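Structural description and commentary
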Amino acid sequence: MADKTPVDSLTEDQAAQELARLAGLIAAANTAYHTQDAPEISDAEYDALKRRNAEIEARFPHLKRADSPSDQVGAAPADGFAKIRHVVPMLSLGNAFEDEDVTDFVARAAKYLGMDAAGIALTAEPKIDGLSLSLRYENGALVHAATRGDGTTGENVTANARTIADIPQVLTDAPEVLEVRGEVYMSHADFDALNDGITAQNEDLLAQGKKPRATFANPRNAAAGSLRQLDPDITRARPLRFFAYAWGDLSSPLADTQYEAIQALGRFGFSINPLTRLCATVDEALSHYREIETQRATLGYDIDGVVYKVNRLDLQDRLGFRSTTPRWAIAHKFPAELAWTTLEAIDIQVGRTGALSPVARLKPVTVGGVVVSNATLHNEDYIQGRDSKGAEIRGGKDIRVGDWVQVYRAGDVIPKVADVDLSKRPQDAVPYVFPTVCPECGSDAVREEGDAVRRCMGGIICPAQAVEKLKHFVSRKAFDIDGLGAKQIEMFYDDPDLAIREPADIFTLAQRDGQNLTKLKNRKGWGDQSAANLFAAIEDRRKIPFGRLLFALGIRHVGEAASNLIANHYGDWATFETAITAASDFEGEAWQELVSIDGVGAVMARSLVGTFAQPDERRSIDALVAELDIEAAEKPDTIGSPVAGMTVVFTGTLEKMTRAEAKARAEKLGAKVAGSVSAKTDLLVAGPGAGSKAKKAAELGVRTIDEDGWLALIDGA
Ligand code: IVH
């Protein structure tokens, strides 16, 4: 996947694509978080996306997009509130993850100022996990309150802010104009009580047949959802709190230093965080970070790191800002969150390719602000305390039902069980025995040599595999049939009259429905329109591109990219089918042709050929194909191309382009790019360091040219 490619090895084209992809992901995450108060990815994942974006921009500054996420803070304000433009923008903070990042931050500031790092004192304070708010006071009276919004314009939430006890309505002895900035948050206790109240009310609502209300995922969402209420009475009923930690517009300075300025805010009547410290050196700041980290679990509210700020305000002024972050402050984030809970059961899920995946059912626990009740246990070795190579993990401790386990959530959406506390193991806990038969169909579950995963051998007779395969078949990158998703697949699979047991059944659904006494449109949850829409959506997909069809079959190891490569290579389905049938000897010419496609390895080829050679699978594929109109792969526009139809192999080091670029260009010109030299090779392009392939080409009399020769050949094409 593109996001795994190290930034160092991205080509310019890939980098541009990746920046576009990241801009989209980050914008969506911003909207979910700021506008809808419903985050879809973890903070760690969000940070990783922003970091990758920044790294790519640093390497390719000219590719930086006009809508670069680096230049944006938060998201545009939601509709419904009046807008307030911030006189002084509300910016965000750069992130540090390691101690070294903090040392570098101070070194950079010192260099910028032409000072010695030892002379730069810092304040260190908890980074509160809530939402920021700017309060404007004129002549001591609160005149308005605004959320951060996109950093320039926020939402006017004045009426709501006035309901928060920590926010003074009137200040004495304050500057004529003073904008106080800080974080609105909810304590753990208040959050729990709020959610308990919702749960209790839901029982009544359910009893009255009404729709229940969702509880809040974490205190930050609860705080955001409570502050951004159009009815201030709702906000008033929610126990919100506020810590002041910064300021915006000011008619006269508060003090000479950050630390003193914060104390002044305290004197005006604001809550200031008691863990705010003045640190003379970076080491002192880092040790305060560790101190705060040890207190984190008992603070009673969520924090997600420590913020360091250069103490002298004259230095802050000189340092100023980069596009959205100050040079004088940085957030040192805590690592991924952990929590301990009881493992109540281990369930086995059977996937599309028959893989048996153990899933931990947990006593629900909050990890990094999200309630977790399921976690992956990966595979049987992992449960036993071994990695895929047989080496010990977790000191060789196994995991048993009843154990006290540590749950870990990092960039992943799926939490993991990371550790087990043997001192809390119940006396009667027994080692987990991984099933050797499929729990869904009773077929043998076999673990092949070198495979970490045990697989059900039932193939399409296994209902779990069949259902998962069908879900994949209708998924977005496959057939993408409107109105036929995972939910409907489960419903139709078991339906006595309209059974969808394999892909072909989807395309006979309308016809079968026509012959039934009880029509789909008369069933619960369906009507004239929805049934007609479904049949039309299915009809719409009868015509399908070859590559998409191949991917939709869900053959193990044959992903989207490979499916398209194979489709492009063979062109049309009939040619492919003949070739794949002929390749079942795993050695002849047809087999050689298949494995010579660049991007198709022996493992993938074996899986593909094996599937077509398996009688049940083949019958199912043939039945499907009989229902479809398969579009041949588009032939590249190769008129006038000097290499059209040629089979080309690249070897050795290419100096003027990357291998991926060379390949893409050659394919565009109608050449087939193969990974190995054979009698079918028309041309070998050999850069410095070419070895065995060049030798083989010489033996076979294959024409060999160097990179310049290749560029000259395709020049102007
Ligand atoms: S200082 C110019 N101090 O973190 C920088 N921010 O990631 C002004 N936050 O938007 C921010 N605790 O919402 C600062 N002690 C603290 C903070 C803090 C939480 C939030 C704030 C800010 C975000 C930046």
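For the structure given in this document, a descriptive report is provided here. Given the structure is predicted, the values throughout are model-derived calculations rather than measurements.

1. Describing the overall build of the chain
When you go through the chain residue by residue, the secondary structure sums to 25 helices and 24 strands. Principal-axis analysis of the C-alpha atoms gives the chain an extent of 90 × 70 × 55 Å. Evaluated residue by residue, the chain yields a buried proportion of 47% over its 717 residues. Put simply, 67% of the contacts in the chain that link residues at least 6 apart link residues at least 24 apart. Placing the 81 positive and 105 negative side-chain charges of the chain at their respective mean positions leaves the two points 1 Å apart.

2. Topic: the environment of Asp317
One can find Asp317 in helix α10 (residues 313-319). With 10 residues separating them along the chain, Asp317 and Arg327 place their C-alpha atoms 9.6 Å apart.

3. Describing the site of the ligand
Around the ligand, a shell composed of 13 residues is seen, among which Glu125, Ile128, Arg148, Glu183 and Tyr245 lie nearest. Take Ser132: an N or O atom from its side chain is 3.4 Å from an oxygen atom of the ligand. Counting only elements with at least two residues in the shell around the ligand, the list comes to β3 (122-128) and β10 (303-310). In terms of residues, the shell around the ligand owes the most to one element, β3, which gives four residues. Within the shell around the ligand, the residues separate by chemical class into seven nonpolar, one polar and five charged.

4. Overview of the sheet that holds strand β23 (residues 683-686)
The sheet built from four strands is open, its strands ordered β22-β21-β23-β24 with parallel pairing. Two strands lie at the open edges of the sheet, namely β22 (672-674) and β24 (703-705), each paired on one side alone. The sheet shows a mean angle of 30° between the axes of neighbouring strands, direction not considered.

5. Focus: the packing of helix α3 (residues 99-113) against helix α9 (residues 282-295)
Between α3 and α9, whose axes approach to 10 Å, the crossing angle comes to 145°. For the element pair α3 and α9, the recorded crossing hand is right-handed. In contact with Asp99, Val102, Thr103 and Val106 of α3, α9 contributes Val282, Leu286 and Arg290. Across the contact of α3 with α9, the residue classes tally to four nonpolar, one polar and two charged.

6. What to know about the side chain of Thr651
Its location among the elements puts Thr651 in strand β21 (residues 647-651). The exposure class assigned to Thr651 is buried, which follows from its relative accessible area of 8%. Non-local contacts of Thr651, meaning those with residues more than four positions away in its chain, are made with Arg659, Leu684, Val685, Ala686, Gly687, Ala690 and Lys693.

7. With respect to the sheet that holds strand β8 (residues 241-250)
Strand order in the open sheet formed by four strands is β5-β4-β7-β8, with antiparallel pairing between adjacent strands. Each of the sheet's edge strands pairs with one partner strand only, and the pair in question is β5 (141-147) and β8. Averaged over all pairs of adjacent strands, the angle between strand axes in this sheet comes to 30°, irrespective of strand direction. Pairing of strand β4 (residues 131-138) with β5 involves six bridges; the strand directions are antiparallel. Across the sheet, Arg136 pairs through a bridge with His144, a residue of β5. The strands that helix α6 (residues 219-227) touches are β4, β5 and β7 (177-185); relative to β4, the one it contacts most, it runs at about 40°.

8. With respect to the nonpolar core
Residues Ile506, Phe576 and Leu608 are the most contacted members of the largest nonpolar core, which totals 58 residues. Apart from residues lying up to four places away in sequence, Leu608 is in contact with Leu550, Ile555, Val558, Ile566, Phe576, Ile580 and Leu594. The next biggest cluster of nonpolar side chains, apart from the first, holds 35 residues, and it includes Leu133, Ala145, Ala161 and Leu194.

9. Looking at unusual backbone geometry
Trans peptide bonds make up the majority, and among non-glycine residues the majority have a negative phi. Residues other than glycine seldom take positive phi values, yet Asn139 does so here, at roughly 50°. With respect to the secondary-structure elements, Asn139 resides in the loop between β4 and β5.

10. Description of the side chain of Asp495
Structurally, Asp495 can be placed in the loop between α13 (486-493) and α14 (503-507). A polar side-chain atom of Asp495 sits 2.3 Å from a polar atom in the side chain of Arg523.

11. Quick look at helix α22 (residues 615-627)
Residues lying three or four places apart along an α-helix face the same way, a consequence of the helix completing one turn every 3.6 residues. Taking 1.5 Å of rise per residue, 13 residues should cover 18 Å, and α22 covers 19 Å from first to last C-alpha, within 8% of that figure. Taken as a whole, α22 has its buried residues at Glu617, Arg618, Ser620, Ile621, Leu624 and Val625. What you see down the axis of α22 is that its buried residues fit within an arc of 160°, all on one side. Turned more than 90 degrees from where α22 packs its buried face, Pro615 and Ala626 sit exposed. Structurally, α22 contributes buried residues whose contacts are with α12 (463-473), α14, α17 (546-552), α19 (573-582), α21 (602-613) and β20 (629-631).

12. Here we look at the packing of aromatic side chains
What the rule picks out here adds up to 19 aromatic pairs. Ring centres of Tyr289 and Phe334 lie 5.3 Å apart, and the angle between their planes is 45°; on these two criteria the pair is classed as tilted. With Tyr289 in helix α9 and Phe334 in the loop between β11 (329-333) and β12 (337-350), this residue pair connects regions lying 45 residues apart in the sequence. Each member of the pair, Tyr289 as well as Phe334, is classed as buried. Counting every residue linked through ring pairs, the aromatic cluster contains Phe546, Tyr570, Trp573, Phe576 and Phe612. Over the ring of Phe97 we find Arg51; its NZ or CZ atom is 3.9 Å from the centre of that ring. The ring of Tyr493 has Arg501 lying over it, and the distance from NZ or CZ to the ring centre is 4.2 Å.

13. Section: the pairing of β4
Among the eight residues in β4, seven count as buried, and that is most of the element. Sheet analysis places β4 next to β7, joined by eight bridges and oriented antiparallel. Following the sheet pairing, Ser132 is matched in β7 by Glu183. Here β4 hands over to β5 after two residues, with Asn139 in that stretch at a positive phi of 50°.

14. Some details on the state of the cysteines
Scanning all chains against the criterion turns up zero disulfides. This cysteine, Cys462, is not joined by any disulfide, and Cys441 carries the nearest cysteine sulfur, 3.7 Å off.

15. Quick notes on the environment of Pro358
Structurally, Pro358 can be placed in strand β13 (residues 356-367). On the accessibility criterion, Pro358 (1% relative accessible area) is buried. On a C-alpha basis, the gap between Pro358 and Leu654 in space is 45 Å, while along the polypeptide they are 296 residues apart. Residues contacting Pro358, with those up to four places away along its chain left out, are Ile346, Asp347, Ile348, Thr376, Leu377, His378, Asn379, Ile383 and Phe434.

16. Let's talk about helix α5 (residues 188-207)
Its 20 residues give α5 an end-to-end C-alpha distance of 29 Å, which sits within 8% of 28 Å, the value for a rise of 1.5 Å per residue. Regarding α5, the residues found buried are Asp190, Phe191, Leu194, Asn195, Ile198 and Asn202. One side of α5 carries all its buried residues, which in axial view fall inside an arc of 130°. Exposed positions of α5 whose direction lies more than 90 degrees from the buried face are Ala189, Asp196, Glu203 and Ala207.

Parameters and conventions
Residues numbered from 1 in each chain as written. Predicted model: local features only at pLDDT ≥ 70, side-chain atom pairs only at ≥ 80, totals over all residues. Heavy atoms only, no water. Helix = DSSP H or I, 4+ residues; strand = E, 2+ residues; numbered from the N terminus. Buried < 20%, exposed > 50% of the residue type's maximum accessible area, 1.4 Å probe, protein only. Contact = heavy atoms within 4.5 Å. Lys, Arg positive; Asp, Glu negative; His and termini not counted. Charge placed at Lys NZ, Arg CZ, Asp CG, Glu CD. Near = heavy atom within 4 Å. Polar contact = N/O pair within 3.5 Å; in protein donor to acceptor, adjacent residues only side chain to side chain. Nonpolar A, V, L, I, M, F, W, Y, C, P; charged D, E, K, R; others polar. Pairing = 2+ DSSP bridges. Axes fitted to C-alpha atoms, helices over the stretch in contact; angles between N-to-C directions. Left-handed = near helix turned anticlockwise from the far one by under 90°. Core = buried A, V, L, I, M, F, W, Y, C linked by side-chain atoms within 4.5 Å. Expected span 1.5 Å × (residues − 1). Arc of directions from axis to C-beta. Phe/Tyr/Trp six-rings, centres within 6.5 Å; stacked < 30°, edge-to-face > 60°. Lys NZ or Arg CZ within 6 Å of the ring centre and 35° of its normal. Disulfide = S-S within 2.5 Å.

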